[in-house]
Amino acid sequence: MPKGTNPEHPHSPSKLCPQGSRLYADALRAGRVPRADVEAAPCLVDQGLLRLDPDDDEWMRPVPPSIALAQRLHPIERQIHEHHRRSIALAELFEPFMGISTQETSPAHSITVLEGLDRINAALDLATAQCHTEVLTVQPSSHRRPEKRLMEGLERDRPLIERGVRIRTLYQHTARYSPDRLAYADQFTDGKVEYRTIDELVERLIICDETVAFIPVREDRQVALELRHPGLVQYLVRVFEFIWNRAVPLSAGAPYEADSGGITEIQHSIAKLLVEGYVDEAIARRLGMNVRTCRAHIAKLAHLLGSGSRAQLGYLIAQSGILRKDN
């Protein structure tokens, strides 16, 4: 049975239950926790985050997060190297045929519909294998299998960096509070890799060498468009640069300091979307956070403004003047 799938305590290997998160944090702070307490969260042992105290088997000691993370990444990196080897082999296979056609891409082939994850990933692998200068990416936060997306990114980014390709990536501000995403970014500290964040991103985007771009068509990521029309690609590059110039470098620290009224930037963004009529689920999706976190910020806004209802909150936001800095 895979680790983390105890039938009496089921969840995926990339997650911790609330009890497990609390116990692991307690163990890191205190240096150990009673073994009896761990029975409520067997995922900690299944995932190798706690081990028996060699001096007293009634206690368990924590494995440092850096070591636990390295143990998890090791098999992933082995897979990355294997996929990298296969990508190079495929690129070498098709390279002799690339120069046969002397015609420029026709309008009929400037937009290609890619259906199915296998075909989408194959097109992305080929584009990144042929990339020599720069990759631009917009990566909105996702709460569905985020570890799988990070692994896909790691698989593509590492070979690019080894070839000296520059990578610029835009995340939402909420990425600053994702340990997995921060650990991923920490692996690439070279000056050719830059990360910035902004409060709101619309959709995923990948551009290679300003010649080919990929955008999703459906939310389930099963259909995407491969764009090679120069005009379309250049337009998307300009959109990326517009957002990039307004984003905050990930290394600059948290951009959520409260203003004189006690309202943070993220709450300001939520207030703006509330006034525009968005419901909680849509606001959470646009800002890259879960609905519970979004509602906690809305509750804080209501408390700060003295609102007793959702309708009143929208009115008080409009009257308070907190949105004036957008004008």
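All of these numbers come straight from a predicted model, not from anything done at the bench.

Caption draft 1: Structural view of the pattern of salt bridges. For the structure shown, the criterion picks out 12 salt bridges. Glutamate 134 is the partner of arginine 168 in a salt bridge, and the nearest nitrogen-oxygen pair spans 2.9 Å. Taken together, the positions of arginine 168 in strand β6 (residues 166–172) and glutamate 134 in strand β5 (residues 134–138) put the pair 34 residues apart, joining distant regions of the chain. The exposure class of arginine 168 is buried, given its relative accessible area of 5%. One salt bridge connects arginine 295 with aspartate 280, and the closest N-O pair in it is separated by 3.0 Å. A residue pair is termed long-range when its members are at least 10 positions apart, and arginine 295 in helix α11 (residues 291–305) and aspartate 280 in helix α10 (residues 280–287) qualify at 15 residues. For aspartate 280, a relative accessible area of 10% corresponds to the buried category. Each of Glu134, Arg166, Arg168, Glu194 and Glu241 takes part in salt bridges that share partners, so that together they form one network.

Caption draft 2: Inspection of the sheet that holds strand β8 (residues 205–208) at higher detail. Strand order across the open sheet formed by 8 strands is β4-β10-β9-β8-β5-β6-β7-β11, with mixed pairing between neighbours. The two strands at the open ends of the sheet, each matched to only one other strand, are β4 (111–115) and β11 (248–249). Helix α5 (residues 117–129) contacts β4, β8, β9 (212–216) and β10 (223–227) of the sheet and is inclined by roughly 130° relative to β4.

Caption draft 3: Focus on the side chain of threonine 197. Take threonine 197: it is sitting in strand β7 (residues 193–198). Beyond its immediate stretch of four places on either side in the chain, threonine 197 contacts Tyr171, Gln172, His173, Arg176, Ala247, Val248 and Leu250.

Caption draft 4: Quick look at the packing of aromatic side chains. Tallied over the full model, the rule gives 2 aromatic pairs. Geometrically, the ring pair formed by tyrosine 171 and tyrosine 195 is stacked, given 5.9 Å between the ring centres and 5° between the ring planes. Highlighted residues: tyrosine 171 in strand β6 and tyrosine 195 in strand β7, separated in sequence by 24 residues. Looking at tyrosine 171, the relative accessible area reads 4%, which means it is buried. For tyrosine 195, a relative accessible area of 10% puts it in the buried group. Aromatic side chains phenylalanine 240 and tryptophan 244 sit 5.7 Å apart centroid to centroid with 20° between the ring planes, which places their arrangement in the stacked category. Pair noted here: phenylalanine 240 and tryptophan 244 are both in helix α8 (residues 230–244), with a separation of 4 residues, about one helical turn. Side by side, phenylalanine 240 and tryptophan 244 carry an identical accessibility label, which is buried.

Caption draft 5: Main features of the packing of helix α9 (residues 265–275) against α11. At a minimum axis separation of 10 Å, α9 and α11 run at an interaxial angle of 85°. By the angle class used here, α9 and α11 are roughly perpendicular. Counted together, Ile266, Gln267, Ile270, Ala271 and Leu274 of α9 and Cys294, His297, Ile298, Lys300, Leu301 and Leu304 of α11 form the full contact between these two elements. Of the residues that constitute the contact of α9 with α11, the class distribution is 8 nonpolar, 2 polar and 1 charged.

Calculation notes
Residues numbered from 1 in each chain as written. Predicted model: local features only at pLDDT ≥ 70, side-chain atom pairs only at ≥ 80, totals over all residues. Heavy atoms only, no water. Salt bridge = Lys/Arg side-chain N within 4 Å of Asp/Glu carboxyl O. Helix = DSSP H or I, 4+ residues; strand = E, 2+ residues; numbered from the N terminus. Buried < 20%, exposed > 50% of the residue type's maximum accessible area, 1.4 Å probe, protein only. Pairing = 2+ DSSP bridges. Contact = heavy atoms within 4.5 Å. Axes fitted to C-alpha atoms, helices over the stretch in contact; angles between N-to-C directions. Phe/Tyr/Trp six-rings, centres within 6.5 Å; stacked < 30°, edge-to-face > 60°. Parallel < 35°, antiparallel > 145°, perpendicular 65-115°, else oblique. Nonpolar A, V, L, I, M, F, W, Y, C, P; charged D, E, K, R; others polar.

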